[in-house]
Amino acid sequence: MNLYVKNHPFHYEMENLIRLFFPNEKIIVIKKIPQNLAQPYIFTEVDGKITVVVNINGFLAQDSLALCSDETENERRMAELIFKFLTKYTGVTPPWGILTGVRPVKLFRRLMEVEGLTGAVDHFRNKFFVSNEKIVLARRTEAYEKEVLSLSDEKSFSLYISVPFCPSRCKYCSFVMQSVERTKHLIEPYTELLCRELADTAKIAYDLGLKLETVYMGGGTPTTLSANQLDKVLKTVSNTFDLSNCREITVEAGRPDTITEEKLLALKENGVDRISINPQTLNDSVLSEIGRKHTAEQTLSAYRMADKIGFNSINTDLIAGLPTDTLESFKASLDGVCSLNPQCVTVHTLSMKRSSTLTEEGVTLDKNLAVQTAEMLEYAEQRLSDLDYIPYYLYRQSRMAGNLENVGWSKRGYECLYNVFVMDETHTIFGCGAGAVTKLKSPSKDYLKRIFNFKYPYEYIDRFGEMLTRKEETYDFYKKYF
């Protein structure tokens, strides 16, 4: 698909919008306009007015809208025309309308602050073309998020700890991770340096008088570390950071095949009160299809073990739209998870990332998958709401089945605060470990400065000193404010 761009800077958003309708096609952005346009194409121009022409397989449509002084509104108007034509051509109406961003709830909150609730709803419905169902979901989520956001102040921060190792790579995964089979020899030196980075980060936080609100250890799969290694990392946190204001410590124990009683006890003894045990599905044939090396029974067994040890909150993840999964199978998985009575259930939508094995194998998104995935999410929303779970955070990714969303559901009082803080970009997040990103949040305005760690464990180990030097920039950032 060719996207011709003339006299405007909106190509990035227009490309993302077009991808909602053609998720499996490469979108080629062309700014030097030739005499003859190559089909299929979408031509966009700003020249006294906003013009869009769509010419795809015999479908030809053209229209213009008036230009105004607000660039954001001009971008929206161009998106409106593309959306109008492509919904007509494909017969598909994306439920989030022209919205392509990760954080629709944050956008809804900002609109409410300016236009009030009625104005925000009207804006979502009539300017962004969001469906009524998704507007209701955004409203519900925003209300619960607000309660969590009030806990943070200008000196608050959260800590993210990256453990980029997994037993094997799931076919849908695009995260930077390394299989244990290939990188086992790196885990011990990585753990040693991770503890050094944590101590160095703790000193920065102390020097600046910052207040730690939440700790989140993710990956990868943190429980690929041994019990002793987990103990060492978590003791480093408790010995170097001031935890007097810390509201939660979360560890992703995502893969049931990495969970042992010894590891769970190490987590519990170090103050971890939230863990995730993630089946993704309770259908063994689907697990095999996506490359998970465990069974549904292992998930249930690991959950019961963690519940018996007494963690305050256990989350379980499911993914809607997995290859070979069916609506009935997904319902059975969700019902099976609900029978455990977990404090949190996160329902993800399959996202077809470019670097995932599924994409490399030629698996694509289509209309039938979109319809079935939407039905899965509808069932999840109804079932979880009936069981008094609340939607406490929501985000979206590119190339999602049906242009849908990921939603975290929890029992009241068991929300993962870190998830809300990071998704809203509420306060600074210090990232430690390979692939982690430190996001320094300005207390006085909506501005983030990012400091990137090296992606891969071997880079992290080989260039560790260089990475620590980067974090010294934190002092200069905060000098402006404190």
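The shown structure was predicted, so the numbers you read here are calculated from the model rather than taken from an experiment. (Residues numbered from 1 in each chain as written. Predicted model: local features only at pLDDT ≥ 70, side-chain atom pairs only at ≥ 80, totals over all residues. Heavy atoms only, no water.)

A.B. asks: Describe in detail the pairing of strand S13 (residues 344-349), supporting the description with residues and values.
C.D. replies: Within S13, six of the six residues are buried, which leaves it mostly tucked inside the rest of the structure. Neither face of S13 is left uncovered, since the one carrying Cys 344, Thr 346 and His 348 and the one carrying Val 345, Val 347 and Thr 349 both have all their residues buried. Of the strand pairs in this sheet, strand S12 (residues 313-320) and S13 are connected by six bridges, and their pairing is parallel. Within the sheet, the bridge partner assigned to Thr 316 lies in S13 and is Val 345. (Buried < 20%, exposed > 50% of the residue type's maximum accessible area, 1.4 Å probe, protein only. Helix = DSSP H or I, 4+ residues; strand = E, 2+ residues; numbered from the N terminus. Pairing = 2+ DSSP bridges.)

A.B. asks: Break down the pattern of salt bridges for me, with residues and values.
C.D. replies: Within the structure shown, the criterion is met by 31 salt bridges. Of the charged contacts, one joins Lys 211 and Asp 153 as a salt bridge, the two residues approaching to 2.7 Å between their closest N and O atoms. Of this pair, Lys 211 sits in strand S9 (residues 211-219) while Asp 153 sits in the loop between helix H4 (132-149) and strand S6 (156-163); the two residues are 58 residues apart in sequence, bridging distant segments of the chain. Using a relative accessible area of 23% as the deciding quantity, one classes Lys 211 as partly exposed. For Asp 153, a relative accessible area of 36% corresponds to the partly exposed category. Residue Glu 192 pairs with Lys 232 through a salt bridge whose shortest N-O separation is 2.3 Å. One end of the pair, Glu 192, is in helix H5 (residues 180-207); the other, Lys 232, is in helix H6 (residues 227-240), and 40 residues separate them in sequence. Owing to a relative accessible area of 34%, Glu 192 belongs among the partly exposed residues under this scheme. (Salt bridge = Lys/Arg side-chain N within 4 Å of Asp/Glu carboxyl O.)

A.B. asks: Describe in detail the packing of helix H7 (residues 261-269) against helix H9 (residues 296-309), supporting the description with residues and values.
C.D. replies: Packing of H7 against H9 brings their axes to within 10 Å, and their N-to-C directions diverge by 40 degrees. Considering the relative orientation of H7 and H9, their crossing is right-handed. Between H7 and H9, the contacting residues are Glu 261, Leu 264, Leu 265 and Lys 268 on the first element and Met 305, Ala 306 and Ile 309 on the second. By residue class, the composition of the contact of H7 with H9 is five nonpolar, no polar and two charged. (Axes fitted to C-alpha atoms, helices over the stretch in contact; angles between N-to-C directions. Left-handed = near helix turned anticlockwise from the far one by under 90°. Contact = heavy atoms within 4.5 Å. Nonpolar A, V, L, I, M, F, W, Y, C, P; charged D, E, K, R; others polar.)

A.B. asks: Which residues make up unusual backbone geometry, and what values do they have?
C.D. replies: Of the consecutive residues Gln 39 and Pro 40, the connecting peptide bond is found in the cis state with omega at -10 degrees. For the bond running from Gly 219 to Gly 220, omega is 15 degrees, close enough to zero to count as cis. For Gly 220, the location among the structural elements is in the loop between S9 and H6. Residue Asn 7 is not a glycine yet carries a positive backbone phi of 65 degrees. With respect to the helices and strands, the residue Asn 7 is situated in the loop between strand S1 (2-6) and helix H1 (11-21). Phi is positive for Gln 280, close to 70 degrees, though the residue is something other than glycine.

A.B. asks: Provide a residue-level description of the side chain of Asn 74, including the pertinent values.
C.D. replies: For Asn 74, the location among the structural elements is in helix H2 (residues 71-90). What makes Asn 74 buried here is its relative accessible area of 1%. A polar contact is formed between the side chain of Asn 74 and the backbone oxygen of Cys 68, at a distance of 2.9 Å. In this structure Asn 74 touches Phe 10, Ile 50, Ala 66, Leu 67 and Cys 68, once residues within four positions along its chain are discounted. (Polar contact = N/O pair within 3.5 Å; in protein donor to acceptor, adjacent residues only side chain to side chain.)

A.B. asks: So, the environment of Gly 431: which residues are in play, and what are the values?
C.D. replies: Secondary-structure assignment places Gly 431 in strand S16 (residues 428-432). C-alpha of Gly 431 to C-alpha of Leu 198: the two residues are 233 residues apart in sequence and 9.0 Å apart in space. Among residues more than four places away in sequence, those in contact with Gly 431 are Tyr 160, Glu 197, Ala 436, Val 437, Thr 438, Asn 453 and Lys 471.

A.B. asks: Tell me about the state of the cysteines, and name the residues and values.
C.D. replies: Counting across every chain of the model gives zero disulfides. The cysteine Cys 246 is free of any disulfide, with Cys 416 supplying the nearest cysteine sulfur at 11 Å. Here Cys 338 is not cross-linked by a disulfide; its sulfur's nearest cysteine counterpart is in Cys 344, at 12 Å. What makes Cys 338 buried here is its relative accessible area of 10%. (Disulfide = S-S within 2.5 Å.)

A.B. asks: So what's going on with the layout of surface pockets? Which residues, and what values?
C.D. replies: Quantified by volume, the second largest pocket comes out at close to 660 Å³. In terms of lining residues, the second largest pocket is bounded by 23 residues, among which Thr 72, Glu 75, Leu 99, Leu 107 and Phe 128 are the most central. Those elements that provide at least two residues to the lining of the second largest pocket are H1, H2 and helix H3 (104-126). The class makeup of the residues in the lining of the second largest pocket is nine nonpolar, four polar and 10 charged. (1 Å grid on protein atoms, 1.4 Å probe; cavity = no way out; pocket = protein on both sides within 12 Å on 5 of 7 lines; lining within 4 Å. Points joined across faces, edges and corners; volume = space filled by probe spheres on them.)

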